[in-house]
Amino acid sequence: MPYVIEHEEKEAISLEELVEYLVDNNIETAKHEEMIEAAPMLAKLGNNPTFLSDMVTKELHNYSEFQDENTYSSQVILLHPPRPDIRFFVRANIWPGKADYLTALNGTDAFFYHRPHDHNFNFLTVGYHGPGYWSDYYEYDYGDIDGYAGEDAQLRFIERSRLDKGKLMLYRAHVDVHDQLPADSFSVSLNIMENSIKNPFLDQYSYDLKNKTIKGIINQNNTDSLFQLALMSDSGNSRDVIEHIAKNHEFSRVRLNAIHALASRQYSVEQAVSVLNSYLAAPSALVRKTVEQSIRRMEQHNAKVKA
Ligand SMILES: [Fe+2]
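What you see is a predicted model; the values in this text were computed from it and never measured. (Residues numbered from 1 in each chain as written. Predicted model: local features only at pLDDT ≥ 70, side-chain atom pairs only at ≥ 80, totals over all residues. Heavy atoms only, no water.)

Engineer: Quick rundown of the sheet that holds strand S8 (residues 176-181)? Include the residues and the values.
Structural biologist: Pairing within the open sheet is antiparallel, and its three strands lie in the order S6-S5-S8. Here the strands that pair on one side only, and so sit at the sheet edges, are strand S6 (156-162) and S8. Across the sheet, the axes of successive neighbouring strands diverge by a mean angle of 20°, strand direction being ignored. Alignment of strand S5 (residues 134-139) against S8, held across six bridges, turns out to be antiparallel. The residue bridging Tyr137 from the neighbouring strand is His178, located in S8. (Pairing = 2+ DSSP bridges. Helix = DSSP H or I, 4+ residues; strand = E, 2+ residues; numbered from the N terminus. Axes fitted to C-alpha atoms, helices over the stretch in contact; angles between N-to-C directions.)

Engineer: So what's going on with the pairing of strand S4 (residues 123-129)? Residues and values would help.
Structural biologist: Regular strands place side chains that alternate from one sheet face to the opposite one. The buried fraction of S4 is high, at six of seven residues. Relative to strand S9 (residues 187-194), S4 runs antiparallel, the two sharing six bridges. When the sheet's bridge partners are listed, Thr125 is paired in S9 with Asn191. As paired strands, S4 and strand S7 (residues 168-171) are joined by four bridges and run antiparallel to one another. Paired with Leu124 across the two strands is Leu170, which belongs to S7. (Buried < 20%, exposed > 50% of the residue type's maximum accessible area, 1.4 Å probe, protein only.)

Engineer: Which residues make up the environment of Ile242, and what values do they have?
Structural biologist: You can see Ile242 is positioned in helix H6 (residues 238-248). Overall, Ile242 belongs to the buried group, its relative accessible area being 3%. Those residues within four positions of Ile242 in sequence are excluded, and the remaining contacts are Phe227, Ala230, Leu231, Ala258 and Leu262. (Contact = heavy atoms within 4.5 Å.)

Engineer: Describe the packing of aromatic side chains, naming the residues involved and giving the relevant values.
Structural biologist: Within this structure, the stated rule accounts for twelve aromatic pairs. Between the aromatic rings of Tyr140 and Tyr142, the centroid separation amounts to 6.5 Å while the plane-to-plane angle is 80°, which identifies the pairing as edge-to-face. Residue classification places Tyr140 among the buried positions, given a relative accessible area of 1%. Classification of Tyr142 by relative accessible area gives partly exposed; the value is 24%. (Phe/Tyr/Trp six-rings, centres within 6.5 Å; stacked < 30°, edge-to-face > 60°.)

Engineer: So what's going on with the domain arrangement of the protein chain? Residues and values would help.
Structural biologist: Segmentation of the protein chain into domains returns domain 1 (3-217) and domain 2 (223-306). Using C-alpha coordinates to define each centre, domain 1 is positioned 35 Å away from domain 2. For the pairing of domain 1 and domain 2, the buried interface totals around 770 Å² over both sides, and the portion due to carbon and sulfur atoms is 66%. Contact with domain 2 buries area across many residues of domain 1, yet Asp146, Tyr148 and Phe201 alone supply 61% of it, more than any other trio. Linking domain 1 with domain 2 are one salt bridge. Notably, a salt bridge pairs Arg253 with Asp203, separated by 3.1 Å at the nearest N-O pair. The tally of links between domain 1 and domain 2 comes to two residue pairs in polar contact (both at pLDDT 80 or more). Along the lines of polarity and charge, the residues of the side of domain 1 that touches domain 2 split into six nonpolar, one polar and two charged. (Domains from an automatic or database assignment. Buried area = accessible area lost by both parts, 1.4 Å probe. Salt bridge = Lys/Arg side-chain N within 4 Å of Asp/Glu carboxyl O. Polar contact = N/O pair within 3.5 Å; in protein donor to acceptor, adjacent residues only side chain to side chain. Nonpolar A, V, L, I, M, F, W, Y, C, P; charged D, E, K, R; others polar.)

Shown next as structure tokens:
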């Protein structure tokens, strides 16, 4: 369950004041205690009822540049975009109700409803507008998980609750899992997000709550397409390089991407399976189990094609 930060903040501040505070105090968003220290400032921004609509309206006047640094879906408005030299970014999230126009138009997936997941980053949140989204909250121990699909995620159910207006919480990276359910009516939350170079390398999972298992890894890691590009020709000795990465990279999911790239460049399913077979004794359970699953899928596919 995200850590609930009790407060009685009545003061309202501007977005600029929040950003200035975070920069001046060099808030280390990877550390829970520093996020908790910064939380009252987010509550104060939450007490400002007009800044968000003022900002969006102002940006709409120059629509060709509207949110041009925003790589999220339209559910998210970037209030202060990520920068390589600062450890945070600030955003607002839209949470429509089940019967809202936005949900009817886009479906519930667009708003991450009924898609249980954890986070590979810390973030603070405050309920800004409306009754707030609901969540079924769980906790798990990241260190006890290998991360392969079908693994017992050892989820512990904590409670169902919602992000009421003014409620301030710290979602802890690799601890808190939630299954979000639609808000009772249109709602908005504000976040201070951890922005760290390590995030793309640490896994964020989706879950199968029926079986209490890991469903898959959902955060992007672009090494899979990079390795594919490198292997388009071997004139630069790319095969040796990718094989080295497949055996030695510090992160198991990067090793896995290299293994899949090597297998995918083979001319037949048999050759691809032979590449995969050579990694069945890998020390990482994520690599071993995922390679096993890939071999099974390829053999099933092959049998079907030949039938
Ligand atoms: Fe989430």
